[in-house]
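Remarks on the overall topology
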Amino acid sequence: MGQDRGKYDFYIGLALAISSSIFIGGSFILKKKGLLRLAKKGSMRAGQGGHAYLKEWLWWAGLLSMGAGEAANFAAYAFAPATLVTPLGALSVLVSAVLSSYFLTERLNLHGKLGCLLSILGSTTMVIHAPKEEEIASLKDMAKKLVDPGFFVFATLVVIVALIFIFVVSPRHGQTNILVYITICSVIGALSVSCVKGLGIAIKEAIAGKNVFKNPLAWILLLGLVGCVSTQINYLNKALDIFNTSLVTPIYYVFFTTSVLTCSAILFKEWGHMGAGDVIGTLSGFLTIIVGIFLLHAFKDVSVSLATLAVSIRREDHAAPAANGTASHSNYELLHSESTEDLDRGLPYDSVSRRNGALTSSLDV
C-alpha cells in the first residue's frame, strides 16, 4: 500500500512539474515584453537599477505566470524528489524558445529544433531513472538533515559565494558578463529549493492534522524562502533586461539545476537510494539536456533549416563536376603549353613524358 501511495505521489509531482515549466516558460516572454516596452518609453531600465517595470502590466502578468509556475513547482517538491522536479525545468526552456520565436522575433532554426528534441529525450530519461521514494517525511527529519555537517558547510559556502558576487563582482562586471547575475540566482536557488522542500513537507503534515505552526523550523524555512526568492527575482530581472532571453534562460537552467542537484545530493541524499544504472541514467539524461540546450541557443543566429540544407547539398553536387572539369581542362592546357615550350627549345618529342601530371626529360643535364 505504501509503494502504491509512493507511485501516486510521484506522478502527481511529475504532472505539477510539467505544468510549472509551462507557466514559467511563458513568464519569461511576458516579462521580457514588458521590459522592452519600458525601454521604448525611455524609462530607466532594470539593469541600471530602475524599478519602472512595477508600473507595467505585462511585467505583472509575467510575474503572476511565474508565481503560478512556482506554486506548482512548490507543490511538486512536496510529492516528488528534487532530483526529478528540478531537471524538468528544461521544459520551461523549450516553452520559452518556442514562444520567443513567435513573440520576440527570435528565430528557432534546425539546430534549435534538434536541441528541443534532445532536451525532451533527456528529460524523459531522467524521469525514468529518478528515485521513486522519499527519504524525508516530516519536519523532524528535515531538522536533522539541516544540521548535518556536510550541508552546513555547503550552505556556508553558498552564502559566501553569493555575498562576494553581490558586493564585489556584480558592481564591476554585472553589466558586461552574463554569468554574474545568473550565478547569484543559481547558488541562492539551491537554498530556496531546500526551503521549498521543507515547507512542502510542513504543508503535507498540516493537511494530515499535525500542528506545524508551533514548530520554529517552519517559520525559519518560510523567511528563508522569501529572502532567497526576492534575491533571485531582483538579479534575474537585471539579467533579462541586459542580455538576450535565449541566452539567459538556458544558462540559468544549467547553473540552477547543477546547484540544486548538488544540494539535493548533500542534504536529502536521494542518490543513496539509486542503483548504479539509475545514477548513470540520470546523469546521462542531464547531460543530454545540456547538449540539447547548447544546440538550441549556441547556433541561434545561424539561418539553417531543412530547406536551406537541401539547397546547399544540391549546390555542392552541381559545383563538384564543374570544378573537376575545369581542373582537368586547366591541366591539359598546362601540359600542352610546357610540352610546346620544351619542343621549341630543341628537345626531341620522345624525350618528353608525362608522369602524374608533370613533365620530365629523359636526358641527363
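Under an unreviewed UniProt entry, the protein chain has the name Magnesium transporter nipa2 and belongs to Characodon lateralis. Its UniProt record, at the heading Sequence similarities (unreviewed entry), says of the protein chain: "Belongs to the NIPA family." Looking at the protein chain in UniProt, the text filed under Subcellular location (unreviewed entry) is "Membrane".

Looking only at helices and strands, the protein chain features 12 helices and 2 strands. Helices (α) and strands (β) of the protein chain occur, in sequence order from the N terminus, as α-α-α-α-α-α-α-α-α-α-α-α-β-β. Here the protein chain, with 365 residues, has 43% of them falling under the buried criterion. Contacts in the protein chain between residues at least 24 apart in sequence constitute 80% of all its contacts with a sequence separation of at least 6. Summed over all atoms, the accessible surface of the protein chain reaches about 19400 Å², with 67% contributed by carbon and sulfur.

Summed over all chains, the structure comprises 3 aromatic pairs. An angle of 40° between the planes, with centres 5.8 Å apart, marks the rings of Tyr 181 and Tyr 235 as tilted. Here Tyr 235 lies in helix α9 (residues 216–242) and Tyr 181 lies in helix α8 (residues 178–207), a separation of 54 residues in the sequence. Of the two residues, Tyr 181 and Tyr 235, neither departs from the other in class, the shared state being buried. The side chain of Lys 204 reaches across the aromatic face of Phe 79, ending 5.4 Å from its centre.

Turning our attention to the packing of helix α7 (residues 149–173) against α8. The geometry of α7 relative to α8 is characterised by a closest axis approach of 9 Å and an angle of 155° between their N-to-C directions. Comparing their axes, α8 and α7 come out roughly antiparallel. When the axes of α7 and α8 are compared, the crossing they make is left-handed. Contacts from Phe 151, Phe 154, Ala 155, Val 158, Val 159, Ala 162, Phe 165, Ile 166, Val 169, Ser 170 and His 173 of α7 reach α8 at Val 180, Tyr 181, Thr 183, Ile 184, Val 187, Ile 188, Ala 190, Leu 191 and Ser 194. Of the residues belonging to the contact of α7 with α8, the class tally is 16 nonpolar, 4 polar and no charged.

Turning to the side chain of Ser 65, a few remarks are in order. Relative to the elements of secondary structure, Ser 65 occurs in helix α2 (residues 57–79). There is a polar contact of 2.7 Å between the side chain of Ser 65 and the backbone oxygen of Phe 23. Excluding anything up to four places from it in sequence, Ser 65 contacts Phe 23, Ile 24, Gly 26, Ser 27 and Leu 30.

Counting 62 residues, the largest nonpolar core has Tyr 77, Leu 84, Leu 139, Phe 151, Leu 236 and Val 248 as its most contacted members. Elements represented by at least two residues in this core include exactly α1 (2–41), α2, α3 (82–85), α6 (139–146), α7, α8, α9 and α10 (245–267). Here the element with the most residues in this core is α8; it accounts for 16 residues. Those residues in contact with Leu 84, other than ones at most four positions away along the chain, are Phe 10, Leu 14, Met 126, Val 127 and Ala 130. Ranked by size, the runner-up nonpolar core spans 16 residues in total, among them Val 93, Ala 97, Leu 261 and Ile 293.

Counted according to the given criterion, the structure contains 1 salt bridge. Linking Lys 210 and Glu 205 is a salt bridge whose minimum nitrogen-to-oxygen distance equals 3.9 Å. In this structure Glu 205 comes out as buried when scored by relative accessible area, which is 10%.

Calculation rules
- Residues numbered from 1 in each chain as written.
- Predicted model: local features only at pLDDT ≥ 70, side-chain atom pairs only at ≥ 80, totals over all residues.
- Heavy atoms only, no water.
- UniProt positions renumbered as here; feature names shortened; annotations may be inferred.
- Helix = DSSP H or I, 4+ residues; strand = E, 2+ residues; numbered from the N terminus.
- Buried < 20%, exposed > 50% of the residue type's maximum accessible area, 1.4 Å probe, protein only.
- Contact = heavy atoms within 4.5 Å.
- Areas by Shrake-Rupley, 256 points an atom, 1.4 Å probe, with all protein chains shown as cover.
- Phe/Tyr/Trp six-rings, centres within 6.5 Å; stacked < 30°, edge-to-face > 60°.
- Lys NZ or Arg CZ within 6 Å of the ring centre and 35° of its normal.
- Axes fitted to C-alpha atoms, helices over the stretch in contact; angles between N-to-C directions.
- Parallel < 35°, antiparallel > 145°, perpendicular 65-115°, else oblique.
- Left-handed = near helix turned anticlockwise from the far one by under 90°.
- Nonpolar A, V, L, I, M, F, W, Y, C, P; charged D, E, K, R; others polar.
- Polar contact = N/O pair within 3.5 Å; in protein donor to acceptor, adjacent residues only side chain to side chain.
- Core = buried A, V, L, I, M, F, W, Y, C linked by side-chain atoms within 4.5 Å.
- Salt bridge = Lys/Arg side-chain N within 4 Å of Asp/Glu carboxyl O.

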